[in-house]
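Residue strings, one per chain:
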Amino acid sequence: MRFCSYSHFASPVLCVDTTAYKFDLVWPSLRVLARSSPSDKYVLVTGIINSKLSKNREVVAVTGDGTNDAPALKAADVGFAMGIAGTDVAKNASDIILTDDNFTSIVKACMWGRNVYDSISKFLQFQLTVNVVAVMLCFIGSCAHGASPLRAVPMLWVNLIMDTFASLALATEPPTTDLLNRKPYGRTKPLISRTMLKNIIGHSVYQMVVMLIILFYGQTLFKLDEASYDTDDPTTHGTILFNAFVWMQIFNEINSRKCHGERNVFKGIFNNYIFVGVIVGTTCAQIVLIQFGGHAFSTKGLNWYEWLICVAIGAFELIWGQVVASIPKTIIPSGMRLGTQPFTQEEATQARMLWMRSLKRVQHQIRVANAFKRAGHERHRRLSLLAEDGERKQSVNRSKTSLNKSNDKMADSNV
């Protein structure tokens, strides 16, 4: 990303030919455009965007605060406007508003932007793995035995882990300065990269193999009396199948914290208290569901050996993650990347409008909540004043009563 800065105080004046060929000869070495007019800024931005000098199109960001900067802010890929000194026209034409008028906030904006992108990638990587394994397991189990290995209520618990808890855990990772050491994402970079696709396929293969072994040979391996598909009542076989599946998702959620081939999946894990809370809460809830769920959750209590096997199967996900990370991403054909189609200008405009509309709704809800809060405080204040006034009147009445009694006593004594 190239940032364009302008100076109004330097004396030299640089005249730039607007023809594409001569412009490409000038702009790579251009650092300061002195005493630039609004048209100069607009020509500079559009010229760099339309330049054919590099293989990939340049991404241009512009900062501005005046009304005349609006055309350049609108034409740039990313427009930064000043929140305090900026005019309303500049703010409306920009994409990001620096509320504190501090240029160091641009670095924070880039860091948070990359963090949001990575959070979406982590959640997709985890969710697609769970979806692939769950759908394939239910399909194969239904075709082989006429019933889904995962019953309705356990499947709802799996969906709760996959959607709600996983989104909270993976989308709340705090940004780090390591994000700035990585190259920026291209405009046509796929949403699901080859590294993510390699992780999804690798972990899906491991989980699918384990689930099929337990499904078809679990009765023999664990020396069980009956299989899950022989009866509608809760069985140990079905409970082991469900428990092993959930434990693999818990440990794979830790693997999903890294989606760019990093090996240390525990780095910074205790900086995200929500993630730790979700993992601990899911683990405790899973133990309660297995041991005490009964017919409501189609589970049957397991012994220590069966618990040890299920947890070991899930923990092996961490070792398997290191094996998958050792496989080069080139094993996945480049054509299998998903999400490479760039947005059109119309789609980008619609997305921006939807984002602004949702932001306004949130702001409106906050104002409504604040209004109710103020009304509650005002009502509480009035009730407090009324109570104080009532107590004051009662104290006055008690004083009058005591005074009258003392006067009566004095009158009686005089008589």
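Going by the structure above, here's the rest.
Remember, predicted model here, so these are calculated numbers, not experimental data. (Residues numbered from 1 in each chain as written. Predicted model: local features only at pLDDT ≥ 70, side-chain atom pairs only at ≥ 80, totals over all residues. Heavy atoms only, no water.)

Q: It is not clear to me how the nonpolar core should be interpreted in this structure. Could you clarify?
A: What tends to happen in soluble globular proteins is that the nonpolar side chains get buried as a cluster. Met 211, Ile 214 and Phe 245 are the most contacted members of the largest nonpolar core, which totals 47 residues. Contributing elements (two or more residues each) for this core: helix 5 (104–145), helix 6 (152–170), helix 7 (194–221), helix 8 (236–255), helix 9 (273–292) and helix 10 (304–326). Broken down by element, this core gets its largest block of residues, 11 residues, from helix 8. If near-sequence neighbours (up to four positions away) are discounted, Phe 245 is found in contact with Val 130, Val 133, Ala 134, Leu 150, Val 158, Gln 207 and Met 211. (Core = buried A, V, L, I, M, F, W, Y, C linked by side-chain atoms within 4.5 Å. Buried < 20%, exposed > 50% of the residue type's maximum accessible area, 1.4 Å probe, protein only. Helix = DSSP H or I, 4+ residues; strand = E, 2+ residues; numbered from the N terminus. Contact = heavy atoms within 4.5 Å.)

Q: For this particular structure, what's the right way to read the packing of aromatic side chains?
A: Each aromatic ring pair is specified by the distance between its two centres and by the angle formed by the two planes. On inspection of all chains with the given rule, the structure shows 6 aromatic pairs. With centroids separated by 6.2 Å and ring planes inclined at 85 degrees, the aromatic side chains of Trp 304 and Tyr 305 adopt a geometry described as edge-to-face. Here a set of aromatic residues connected by ring pairs shows up, and it is made of Tyr 206, Phe 316 and Trp 320. Above the ring of Phe 275, the side-chain terminus of Arg 257 is found at 5.6 Å from the ring centroid. (Phe/Tyr/Trp six-rings, centres within 6.5 Å; stacked < 30°, edge-to-face > 60°. Lys NZ or Arg CZ within 6 Å of the ring centre and 35° of its normal.)

Q: Can you walk me through the packing of helix 8 against helix 10 in this structure?
A: A pair of packed helices can be characterised by two numbers: the angle between their axes and the separation between those axes. One can describe the packing of helix 8 onto helix 10 by two numbers: an axis separation of 8 Å at closest approach and a directional angle of 30 degrees. Classified by the angle between their axes, helix 8 and helix 10 sit roughly parallel to one another. For the crossing formed where helix 8 meets helix 10, the hand is right-handed. Here Thr 236, Ile 240, Asn 243, Ala 244, Trp 247, Met 248, Phe 251, Asn 252, Ile 254 and Asn 255 of helix 8 come into contact with helix 10, specifically with Glu 306, Trp 307, Cys 310, Val 311, Ile 313, Gly 314, Ala 315, Glu 317, Leu 318 and Gly 321. (Axes fitted to C-alpha atoms, helices over the stretch in contact; angles between N-to-C directions. Parallel < 35°, antiparallel > 145°, perpendicular 65-115°, else oblique. Left-handed = near helix turned anticlockwise from the far one by under 90°.)

Q: How do you make sense of the pattern of salt bridges when you look at a structure like this?
A: Pairing between side chains of opposite charge can happen when their charged atoms approach one another. Inspection of every chain in the model, using the stated rule, returns 4 salt bridges. The shortest N-O distance in the salt bridge between Asp 69 and Lys 41 comes to 2.7 Å. Placement of the pair is Asp 69 in the loop between strand 4 (60–64) and helix 3 (70–75) and Lys 41 in helix 2 (residues 38–49), with a sequence separation of 28 residues. For the pair formed by Asp 69 and Lys 41, the shared burial category is buried. Glu 173 is the partner of Arg 257 in a salt bridge, and the nearest nitrogen-oxygen pair spans 2.9 Å. On the criterion of sequence distance, the pair formed by Arg 257 in the loop between helix 8 and helix 9 and Glu 173 in the loop between helix 6 and helix 7 is long-range, its members being 84 residues apart. When its relative accessible area of 7% is taken as the criterion, Glu 173 is described as buried. (Salt bridge = Lys/Arg side-chain N within 4 Å of Asp/Glu carboxyl O.)

Q: Please clarify how a nonpolar patch on the surface should be interpreted in this entry.
A: Together, Ile 201, Val 205, Val 209, Ile 213, Phe 216, Tyr 217 and Leu 221 make up a nonpolar patch on the protein surface, roughly 630 Å² of accessible area in all. Within the fold, Val 209 resides in helix 7. For Val 209, a relative accessible area of 44% gives the class partly exposed. (Patch = residues over 30% accessible without salt bridge, like charges linked within 9 Å, V, L, I, M, F, W, Y side chains within 5 Å. Areas by Shrake-Rupley, 256 points an atom, 1.4 Å probe, with all protein chains shown as cover.)

Q: Which parts of the structure should I look at to understand helix 8?
A: Counting along an α-helix, one turn takes 3.6 residues, and residues three or four places apart therefore face a common direction. Spanning 20 residues, helix 8 covers 28 Å between terminal C-alpha atoms, matching the ideal 28 Å at 1.5 Å per step. Counting buried positions over the 20 residues of helix 8 gives 20, a clear majority of the element. (Expected span 1.5 Å × (residues − 1).)

Q: Can you help me understand the environment of Ile 327 in this one?
A: For Ile 327, the location among the structural elements is in the loop between helix 10 and helix 11 (345–414). For the pair Ile 327 and Gly 202, spaced 125 residues apart in the sequence, the C-alpha separation amounts to 9.5 Å.

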